[in-house]
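Notes for the structure review
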Amino acid sequence: MSLSFAFSRSLLGAALAIGAQAALAQQALVPAQSEVQFTARQMGVPLEGHFKTFSAQVAFDPAKLATSKMALTVDTGSATLGSRETDAELPKPTWFNVAKFPQAQFESTSIKALGGGKFEVAGKLTIKGNAQNVTVPVALAQSGATTTATGTLPIKRLAFKIGENEWADTSMVADDVTVKFKLALTGIGKL
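These figures come from a predicted structure and were not determined experimentally. Note that residues are indexed from 1 along each chain, following the sequence as it is written. The model is predicted, so local features are restricted to residues of pLDDT at least 70 and side-chain atom pairs to those at 80 or more, both for listing and for counting; the totals for chains, interfaces and linings are taken over all residues. With hydrogens and water excluded, all non-hydrogen atoms of the structure serve as input to the side-chain values.

Each helix is a run of H or I in the DSSP string that is no shorter than four residues. Each strand is a run of E no shorter than two, and both are numbered from the N terminus. The helix and strand inventory of the protein stands at two helices and 11 strands. When the helices and strands of the protein are placed in sequence order, the string is α-β-β-β-β-β-β-α-β-β-β-β-β. Using a 1.4 Å probe on the protein chains alone, a residue whose accessible area is under 20% of its type maximum counts as buried, one over 50% counts as exposed, and one in between counts as partly exposed. Taking all 191 residues of the protein together, 35% fall into the buried category. Residue pairs in contact within the protein that sit at least 24 positions apart in sequence constitute 57% of those at least 6 positions apart. Total accessible area on the protein is roughly 11,200 Å²; 59% of this is exposed by carbon and sulfur atoms. Throughout, a contact is declared for two residues whenever any of their heavy atoms are within 4.5 Å. All accessible-area figures derive from a Shrake-Rupley calculation using a 1.4 Å probe, and residue coverage is judged against the displayed protein chains alone.

Here we take up the nonpolar core. Residues belong to a common nonpolar core when they are buried Ala, Val, Leu, Ile, Met, Phe, Trp, Tyr or Cys residues joined through side-chain atoms within 4.5 Å. Core analysis: the biggest nonpolar cluster contains 41 residues, and Phe60, Leu72, Phe96, Leu125, Ile127 and Ile155 have the highest contact counts within it. Secondary structure elements with two or more residues in this core: strand S2 (35-42), strand S4 (54-59), strand S5 (69-75), strand S7 (103-115), strand S8 (118-127), strand S9 (130-143), strand S10 (146-156) and strand S11 (176-186). Ranked by residues supplied to this core, first place goes to S11 with five residues. Residues within four places of leucine 72 in sequence aside, it is in contact with Val36, Phe54, Ser55, Ala56, Gln57, Ala104, Gln105, Phe106 and Leu183.

Pairing of aromatic rings covers Phe, Tyr and Trp, the last counted by its six-membered ring, and requires centre-to-centre distances within 6.5 Å; plane angles under 30 degrees mean stacked, over 60 mean edge-to-face, and any other angle means tilted. Considering all chains together, one arrives at four aromatic pairs under this definition. Relative to phenylalanine 51, the ring of phenylalanine 38 lies with its centre 5.1 Å away and its plane at 50°, an arrangement referred to as tilted. One end of the pair, phenylalanine 38, is in strand S2; the other, phenylalanine 51, is in strand S3 (residues 45-51), with 13 residues separating them in the sequence. Of the two residues examined, phenylalanine 38 and phenylalanine 51, each falls in the buried class. Centroid distance phenylalanine 51 to phenylalanine 96: 5.9 Å. Interplanar angle 65°. Geometry classified as edge-to-face.

Per-residue confidence for the protein averages 88 on the pLDDT scale, and 87% of its residues sit at or above 70. Contacts for the low-pLDDT stretch residues 1-25, under 50 throughout, to residues beyond four places or in other chains number five contacts. Confidence of the predictor at the level of single residues is captured by pLDDT, which takes values from 0 to 100.

Note on backbone geometry: most residues besides glycine have negative phi, and most peptide bonds are trans. Non-glycine residue lysine 128 carries a positive phi angle of around 55°. Note on placement: lysine 128 falls in the loop between S8 and S9. Using a relative accessible area of 8% as the deciding quantity, one classes lysine 128 as buried. Of note, lysine 161 is a non-glycine position whose phi angle comes to about 60°, a positive value. If you trace the backbone, lysine 161 turns up in the loop between S10 and S11.

Let us look at the side chain of glutamine 27. With respect to the helices, strands and loops of the structure, glutamine 27 is situated in the loop between helix H1 (2-25) and strand S1 (28-29). Judged by relative accessible area, glutamine 27 falls into the buried class, the value being 8%. Within polar-contact distance, the side chain of glutamine 27 engages the backbone oxygen of glycine 187 at 3.3 Å. Pairs of N or O atoms are called polar contacts if they sit within 3.5 Å, as long as, within protein, a hydrogen donor faces a hydrogen acceptor (for residues adjacent in sequence, only side-chain-to-side-chain pairs).

Following this line, the structure appears as C-alpha cells:
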C-alpha cells in the first residue's frame with residue numbers, strides 16, 4: 001500500500017513539474033507590441049535607430065527567480081537609422097559585420113528582485129563575437145494577460161568592435177550607445 005502511495009505521489013509530482021514547465025514554455029514575445037531601440041551620437045547629434053527583427057526566449061517565474069531565464073536575440077542585419085546611406089553601412093565589417101555575426105545575443109545568468117516590479121538581470125551580452133558581462137535594470141508591468149518588460153542598457157560600442165578602423169575615433173561617433181527595449185510577453189504569472 002505505501003509503495004503504491006509513494007508511486008502515485010511520484011507520478012503526481014512529475015505531472016506537476018511537467019505542467020509547470022509547459023506553463024513556462026507557453027511564455028511568448030508579442031512582436032507587434034515590442035521594440036529594441038538604440039541611440040548613438042555622431043558629432044554630438046543623437047541618432048535614433050532600432051532593430052526590426054528580434055526574438056526572446058523566456059522562462060520566468062517571479063516565485064522562482066533562481067531557475068528563471070531570459071534570452072534576447074537580435075538580427076543585426078535588421079538595424080536601421082532610417083537613412084538608406086547609413087543603413088547600407090551598418091551591415092559592413094566595420095560596423096556589425098552581419099555576414100560573419102548575423103545576431104547579437106543577451107543571455108541571463110541571474111535575476112534579482114528589487115521590489116515594486118523592478119528586477120536586476122545579470123547576463124552576457126555578445127555582439128560581433130565579443131562577450132561582456134552586463135547588468136540590466138528591468139521593470140515589469142502587467143495589463144491583463146500581457147507583461148511588459150522595459151529597460152535601458154548603456155554600452156560602449158568599441159568594447160564590441162562596432163565602428164572599427166577610422167570609426168574608432170570617438171570625436172566623430174561617440175563610444176556611448178544607449179539600448180532601450182520594450183518586450184511584451186504573454187504567459188507570465190501574476191507578479
